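Observations on chain architecture
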Amino acid sequence: MNQRPYVTIFSTMTIDGRIASSTRFSELSCNYDLARLRLLRGAHEAVMVGANTIIIDDPTLRKRLEPRTTKYYRVIVDGKLRVSLNQRIFREPGPKVIVITASNDKEKIKKIRELGADVVKVDTLGDKGEVDLREALQILAENYDINSVLVEGGGALNYSLLRQRVVDELRATITPYVFGAGVSIVNDYLGTGFRDRSESPRLRLSCVELCPCGQCVHVAYTLLSKCCEPRLREPPIEFCLSERLRRLVQS
Ligand SMILES: NC(=O)c1ccc[n+]([C@@H]2O[C@H](COP(=O)([O-])OP(=O)(O)OC[C@H]3O[C@@H](n4cnc5c(N)ncnc54)[C@H](OP(=O)(O)O)[C@@H]3O)[C@@H](O)[C@H]2O)c1
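Reference entry: report on the structure contained in this document. (Residues numbered from 1 in each chain as written. Predicted model: local features only at pLDDT ≥ 70, side-chain atom pairs only at ≥ 80, totals over all residues.)

Description of the overall build of the chain
A count of helical and extended segments in the chain gives seven helices and 13 strands. Taking 2.2 N^0.38 as the reference for a compact globule, 251 residues should give roughly 18 Å; the C-alpha atoms of the chain span a radius of gyration of 17 Å, in line with that estimate. Along the first, second and third principal axes, the C-alpha set of the chain runs to 50 × 45 × 40 Å. By the burial criterion, 41% of the 251 residues in the chain qualify as buried. (Helix = DSSP H or I, 4+ residues; strand = E, 2+ residues; numbered from the N terminus. Rg over C-alpha atoms; globule rule 2.2 N^0.38 Å. Buried ≥ 20, exposed ≤ 12 C-beta atoms within 10 Å, placed from the backbone.)

Rendered as structure tokens:
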């Protein structure tokens, strides 16, 4: 593979590693964590989410804090093109939406394009319809000149990216809740996941800090197991953000 953007995953989870409960409740962030998310969006040139996150949460992914990159795209990974044409991300004004899919549904592709979004077709890996995310990222770098992507989940997309070894940074905010069931931050809902330490991606701790709210902990890990180097060699923003968040939320 030639070049791909720098990829950061960021999720907010319960202490048992869930990003959503069995009822798909997922509002876990404190005010500082919301600011952290918007700060990270501001620092990246694209945001990426999986189809279920769009279908369940219906986000617009627009809010970003300074300093903001001038380029900003919103990317949806939707192998089977299940998202509805009525999602807010298509209907409300905002930066360009790019839908990555393996679907051949010409009618739906046409309708999505009529709403102003781009639809990018990529190959699948294996027989479960998993989109080739290395190819997708390469297209984002080459056709859109995107240098960095913030992945906001959900668990299935996080797993797929880690499995395909295209993640540079994994960030999580640990919140003082326990769900006991639901969606894990990294979720192989079709398979066995990584079966032991040798299969697990290798990570190095880059930051651990108490959230200014006093109840949450934010961790940032750098991925050592990667298929290939990203375009950006330096992270888009520093690993520890609490000082910046304190100033931002107080002002
Ligand atoms: N707390 C948080 O920080 C946070 C953040 C985001 C989301 N969430 C929650 O997480 C839940 C959704 O997570 P989830 O794991 O169910 O879903 P998800 O990752 O948002 O979406 C999964 C879907 O995305 C598509 N997809 C992802 N990777 C793919 C790949 N490599 N190839 C093909 N398609 C791919 C597939 O769609 P197709 O079936 O169309 O192929 C797959 O079914 C929601 O409840 C949401 O509220 C929480």
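Some thoughts on the sheet that holds strand 12 (residues 203-210)
If you trace the nine strands from one edge of the open sheet to the other, you get 6-5-4-3-9-1-10-13-12, paired in mixed fashion. Strands with a single pairing partner mark the edges of an open sheet, and in this sheet they are strand 6 (118-121) and strand 12. The mean angle between the axes of side-by-side strands here comes to 20°, regardless of whether they run parallel or antiparallel. Sheet analysis places strand 3 (residues 46-50) next to strand 4 (residues 73-77), joined by five bridges and oriented parallel. By the bridge assignment for strand 4, Ala46 is matched with Tyr73. (Pairing = 2+ DSSP bridges. Axes fitted to C-alpha atoms, helices over the stretch in contact; angles between N-to-C directions.)

What about the packing of helix 1 (residues 31-43) against helix 7 (residues 242-250)?
The N-to-C vectors of helix 1 and helix 7 enclose an angle of 110°; their axes lie 10 Å apart at closest approach. With respect to helix 7, the axis of helix 1 lies roughly perpendicular. The residues of helix 7 that touch helix 1, namely those facing Asn31, Tyr32, Ala35, Arg36 and Leu39, are Arg244, Leu245, Leu248 and Val249. For the contact of helix 1 with helix 7, the residue count by class is six nonpolar, one polar and two charged. (Parallel < 35°, antiparallel > 145°, perpendicular 65-115°, else oblique. Contact = placed C-beta atoms within 7 Å. Nonpolar A, V, L, I, M, F, W, Y, C, P; charged D, E, K, R; others polar.)

Describing the pairing of strand 4
Within strand 4, four of the five residues are buried, which leaves the element mostly enclosed by the surrounding structure. The β-α-β motif built from strand 3, the intervening helix 2 (residues 51-57) and the parallel element strand 4 has right-handed crossover chirality. Note that strand 4 and strand 5 (residues 97-101) share four bridges and pair parallel. From the neighbouring strand, Val75 faces strand 5, where its bridge partner is Ile98. (Right-handed = clockwise from strand over helix to strand, strands pointing away.)

Description of the site of the ligand
Taken together, 32 residues lie near the ligand, and Gly50, Gly79, Val131, Gly153 and Gly154 sit nearest. Where the shell around the ligand is concerned, the elements lending two or more residues are strand 1 (6-13), strand 2 (18-20), strand 3, helix 2, strand 8 (130-131) and helix 6 (155-163). Here the shell around the ligand gets five residues from one element, more than from any other, and that element is helix 2. Here the shell around the ligand is built from residues that sort into 12 nonpolar, 13 polar and seven charged. (Near = placed C-beta within 6 Å.)

Here's the deal with the nonpolar core
Core analysis: the largest hydrophobic core is formed by 63 residues, its most contacted members being Ile76 and Leu161. Ranked by the residues each element gives to this core, the list is headed by helix 1, at six residues. Residues in contact with Leu161, not counting those within four places in the same chain, are Val7, Ile9, Leu133, Val151, Val166 and Val167. (Core = buried A, V, L, I, M, F, W, Y, C linked by C-beta atoms within 7 Å.)

Notes on unusual backbone geometry
Omega for the bond connecting Glu66 with Pro67 falls within 30 degrees of zero, at -5°, which places this linkage in the cis form. Take Pro67: it is sitting in the loop between helix 2 and strand 4.

Topic: helix 5 (residues 133-144)
Its 12 residues give helix 5 an end-to-end C-alpha distance of 15 Å, which sits within 8% of 16 Å, the value for a rise of 1.5 Å per residue. Within helix 5 the residues assigned to the buried category are Leu133, Ala136, Leu137, Leu140 and Ala141. Seen from one end, helix 5 has its buried residues packed into an arc of 135°, which puts them on one side. Residues of helix 5 that are exposed and point more than 90 degrees away from the buried face comprise Glu142 and Asn143. Once helix 5 ends, the next one or two residues include Asp145, with phi positive near 55°. (Expected span 1.5 Å × (residues − 1). Arc of directions from axis to C-beta.)

Some remarks on the environment of Val49
When you line up the elements, Val49 lands in strand 3. Linking Val49 and Val99, residues 50 residues apart in sequence, is a C-alpha distance of 9.9 Å. Those residues in contact with Val49 that sit more than four places away from it in its chain are Ile54, Leu61, Ile76, Glu152, Gly153 and Leu157.

These results come straight from atomic positions and should not be treated as a statement about function.
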